[in-house]
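In case you want the letters, here they are:
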Amino acid sequence: MNSRSFAALAAVLALPLLAVRPAYAQAPELAQQPWDTASSVPADVVDAFPDLVGSDLPFDSEYVVGELDNGMRYIIRPNATPPEQGKVQLWVDFGSAAERADEQGYAHFIEHMAFNGTTNVPEGEMVRLLEREGLAFGADTNAATGFDSTHYRLDLPRNDMELLDTALMLMRETASEILFEDEAVDREKGILLSERRVRDTYQLRNTIDTLGFLYPGSRISERLPIGTVETIEAADGASLRALYERYYRPENVTVIVIGDYDPAEVEAAIAEHFADWQGEPALDNPPLGPVDLSHEGATDIFLDPALSEQITVAANGEWLGETDTVASRRARVLRQIGYGIVNRRLQRLARQEDPPFRGAAFGTNDFFKEGRTTNLIAAAADGDWQRALAAAQEEYRRAMQFGFTEAEVAEQVANLDQAIQSNAAGAATRDNNAFITGAVTLLRDGQVPTTPASALERWNEHKPLITPEAVLAALKAEAVPLENPLIRFQGRTAPTGGEEALRAAWESGMEVALEANEQAEAVDFAYTDFGTPGEVVSDTVDDRLDIRTIRFANGVMLNLKPTDLQEDRVLVQVNIDGGDLLDTRENPLATAMFNSLPVGGLGEHTLDELQTVLAGRRVGLGVNSAADTFAMSAATTPRDLELQLQVYTATITDSAFRPTGEAQYYRNVEDFFARLNATPSAAFTNGIGTILSDGDPRFSLQPKEDYLALTFAGLRDAVSDRLANGAIEVALVGDFEEQDAIDLVARTLGTLPPREESFGDYAQERQRGFTQDRSPRTLYHTGADDQAMLVMVWPTRDDSDHVENLQLEMLERVLQLEVTDVLREELGQTYSPQVDADQSRTYEGYGTFDISAQVDTGQVDAARDAMLSAVETLRAGPVDEDMLLRARQPLLEAYSNALDTNNGWMNLIDRAQTESERIDRFLAGEERLRAVTPEDVLTVAQRYLDPAQRVEVRVLPEPEGDET
């Protein structure tokens, strides 16, 4: 169980679905691979992807694409990062927008039925087959249905052709062989209705209203993938099959294979499995709109107690899409820079001491290939919408009237330059996901996959042509003028004056006289010389995994692991003694604001200045209060490693703790508490700490007033001693030269005054109790009346015994399979039951084991009986070998692949000197995991899962009239 129930306060402000998609937030292939001057797409590629006709971009020849005689297409891209792994995906050009009114939710229903019986794979066996091969359901085996596509995904832990053959066989079964037996359909209805119930939140209702307002009468506003209760309940095998046969046809399907394979062998395997698939010609998908260009001047107010105040001003226009060419990418990057500058200005306003809004954004997004929508969004403090709207409107108008300064353009160009240079430098070791993105954007957007090297060449040719005038012209060409716009308000309380007041505020704001922005003066980074470099007093190599461990004279520890897993990337982690262990019963919120430390900037630079100073450099500013350390983590490049270390050294020695971020923090606190119990999961998360700890304030949500009383001055008092004196352990993983890295650390963190040599014991702070009160508890939520949640929690132990730790992990996996089989597959009661074993690394003797499920209010007792039945089954006798295999194999594959990524190495070496035993545990882990027997699982189930020792928590709808 998570001990930090208030972590949501640190979340970044999120804006709603389809509300805005600034150009800079588009897929990496758009942002990082612009512009060419010559070449064209090969004819055979154009034959398979006609949208590419006329493109003058150089197609990445490492992609192998083609089309079978039946019209089915395929995309193959060999890649060895990570090594000996792969991804297989099935893309179906069909989503919920193609459904008839009486078929709502059926595209999603079909996706579910792919796992419930096909011609050659019995019901329920597909997931089991994959589990035996090491694929975990959900993590490695999944699917998703959207408005315009359905996407099936398998992440393969090995690259042997036998496993690939199995994956392609299952994809073919999905494409043409789903059975839709009525009994299986009826069983799956409960799961779909449960998923719909879980998703029926204030966010979904807000999204539905947004779509209906912006695009009235459109299919996407009336065909949400989740469907309706009535249509789901009415579904039968025949109706699902009819829709399946209309759209699951060869010409509508593409197979994607990315990974460490010989493309010729993959191409042959695809043909073997799919060449004999015969189907009718593909039907045209219906439009997803219409996008009514005459829909303007309307106003909408949507209220919900859980919604923070936000105002959206929007206008619709024609789709401006065109073939992906050199010219179109050049225009796109100019727009990207323009939106980036406007949003940078809005960000600067949000960082003021008394900001006009919590956040704001300006951008234009395509409505598929049927229109475009320009949005200006301002998220306000409750009751402050007028000031928020006025400030956002002023910056929008200023940009459109006066354009941009040279300095603003230069900052955006520098950031793009860094991204493109870095992408080219690391091209040879891009992750499989990068090529999945390339395949999907080819399918969805007709975007040509190009190489990072050619992208860099095109960028260098285009960069001198980027001027403020060109940026403004490109922005004006795309952004739909907000002259008689749609205006939408969302929040908890209607604005005074209603729709008329909203419209009047906008119209009056359009009359305000404006002045152009002044050119800001450039400044240099102020922290480049920290004094005499530190002396290395210890330098050894841990021969267990060839990890080099250094200690400087000031006590700073450094762990080094150079790898060739990702070129031009270096992971940096700095751990400083303290973290959440500084929170005490007397001061439980001592570190609550620590994650906001960067907002206060450094002594010589505000955060806003830092963002400009660091433009064009890959440097992270993030910090985190972890369980027992203050952690600083970043991904940088060999070129920027010194600057990254300088930033972290300055953070430790000269954090400014300016109060400028306090206002935003307080507004986020208000928003958090307003939606405290808006869903069952939120109510549980925010209440369980108090229950399990008997109200220990370190692990309990405190009153809102306590958070509103926090200050950066108080944070300084709480953490300054640890920043000045606490032990420091630094870890570097990736593409660097060891001696260079040692020298850089010596010139930065090595210059600090002497530190404590070891991390503190914190004996008292490491004590954490589990309640002795086993009486059932009830929490209440303010969501839909049919939503409930049931959770059972047992006390276990800490993670100091590695063997028992693995046995508990196996118990978790086995019980997850058992609970899923009973609650989801047999009873159809819940969409996603969860089992979690959490043995603490921080609190001595403390751990928890829990089972949770979100269910219908009327199913709580039945779910309780099913959970207890699953537990008693595991306590009654050993599990069978097949169940153990399905639970163990994904864990074994995870161990086998753990060091195939830099992140995997970082998880192992970040504390290689102070927690060296973790390396021994890792090296012994696979053998110990294989040694776990059914009897071991039985033993830990009997030891820890005594039903009488559980704490049972029900989360039910708040009784009418009760707001406590």
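The rules we used
Residues numbered from 1 in each chain as written. Predicted model: local features only at pLDDT ≥ 70, side-chain atom pairs only at ≥ 80, totals over all residues. Heavy atoms only, no water. Phe/Tyr/Trp six-rings, centres within 6.5 Å; stacked < 30°, edge-to-face > 60°. Lys NZ or Arg CZ within 6 Å of the ring centre and 35° of its normal. Pairing = 2+ DSSP bridges. Helix = DSSP H or I, 4+ residues; strand = E, 2+ residues; numbered from the N terminus. Axes fitted to C-alpha atoms, helices over the stretch in contact; angles between N-to-C directions. Expected span 1.5 Å × (residues − 1). Buried < 20%, exposed > 50% of the residue type's maximum accessible area, 1.4 Å probe, protein only. Contact = heavy atoms within 4.5 Å. UniProt positions renumbered as here; feature names shortened; annotations may be inferred. Polar contact = N/O pair within 3.5 Å; in protein donor to acceptor, adjacent residues only side chain to side chain.

Naming follows an unreviewed UniProt entry, where the chain appears as Insulinase family protein of Erythrobacter westpacificensis.

Asks: Would you mind going over the packing of aromatic side chains with me for this structure?
Replies: Each aromatic ring pair is characterised by the separation of its centres together with the angle its planes make. Using the criterion set out here, one finds 20 aromatic pairs in the structure. Members of the aromatic cluster, joined through ring pairs, are Phe94, Phe180, Tyr244, Tyr247 and Tyr248. When the ring centre of Tyr63 is taken as origin, the NZ or CZ atom of Arg77, which lies over that ring, is 5.6 Å away. The lysine or arginine in question, Arg911, covers the ring of Phe759, its NZ or CZ lying 4.2 Å from the ring centre.

Asks: How do you make sense of the sheet that holds strand S19 (residues 777-781) when you look at a structure like this?
Replies: Whether parallel or antiparallel, the strands of a sheet pair through hydrogen bonds between backbone atoms. Overall, mixed pairing links the five strands, which are arranged S19-S23-S20-S22-S21 in an open sheet. The strands lining the two open edges of the sheet, one partner per strand, are S19 and strand S21 (834-839). The mean inter-strand angle of the sheet, taken between neighbouring strand axes irrespective of direction, is 20°. The sheet contact formed by S19 and strand S23 (residues 951-957) spans five bridges and is parallel. Opposite Leu779, over in S23, you have Val955 as the bridge partner.

Asks: Even after reading the chapter, I still don't get helix H21 (residues 662-674), so can you show me in this structure?
Replies: In an α-helix, one turn spans 3.6 residues; hence positions three or four apart end up facing the same way. Compared with the 18 Å implied by 1.5 Å per residue over 13 residues, the 18 Å span of H21 between its first and last C-alpha is a close match. Glu662, Ala663, Gln664, Tyr665, Arg667, Val669, Asp671, Phe672 and Phe673 are the residues of H21 that are buried. Contacts made by the buried residues of H21 are with helix H12 (326-350), strand S9 (359-367), helix H13 (385-402), helix H22 (680-692), helix H23 (704-708) and helix H24 (712-725).

Asks: Mind showing me how you'd approach the sheet that holds strand S11 (residues 486-491) here?
Replies: Strand order across the open sheet formed by five strands is S7-S11-S8-S10-S9, with mixed pairing between neighbours. Each end of this open sheet is capped by a strand with a single partner; those strands are strand S7 (299-303) and S9. For this sheet, the mean angle separating the axes of adjacent strands, direction not counted, is 15°. Where strand S8 (residues 310-317) meets S11, five bridges bridge the pair, whose relative direction is antiparallel. Bridging from a neighbouring strand, Ile311 pairs with Phe489 of S11. Along the sheet, helix H7 (residues 202-214) makes contact with S7, S8 and S11, crossing S11 at roughly 170°. On the sheet, H13 packs against S8, S9, strand S10 (371-379) and S11 and is oriented at approximately 130° with respect to S10.

Asks: Whenever I open this one, the UniProt feature "domain: Peptidase M16 C-terminal" (unreviewed entry) in the chain confuses me. Can you help?
Replies: Cross-referencing UniProt, the feature "domain: Peptidase M16 C-terminal" (unreviewed entry) maps to residues 238-416 and 711-889 in the present numbering. In residues 238-416, helix accounts for 42% and strand for 21%; the two terminal C-alpha atoms are 52 Å from one another.

Asks: What am I meant to see in the environment of Asn343 here?
Replies: Within the secondary structure layout, Asn343 lies in helix H12. For the pair Asn343 and Val822, spaced 479 residues apart in sequence, the C-alpha to C-alpha distance is 49 Å. Only 2.8 Å separates the side chain of Asn343 from the backbone oxygen of Tyr339, close enough to count as a polar contact.

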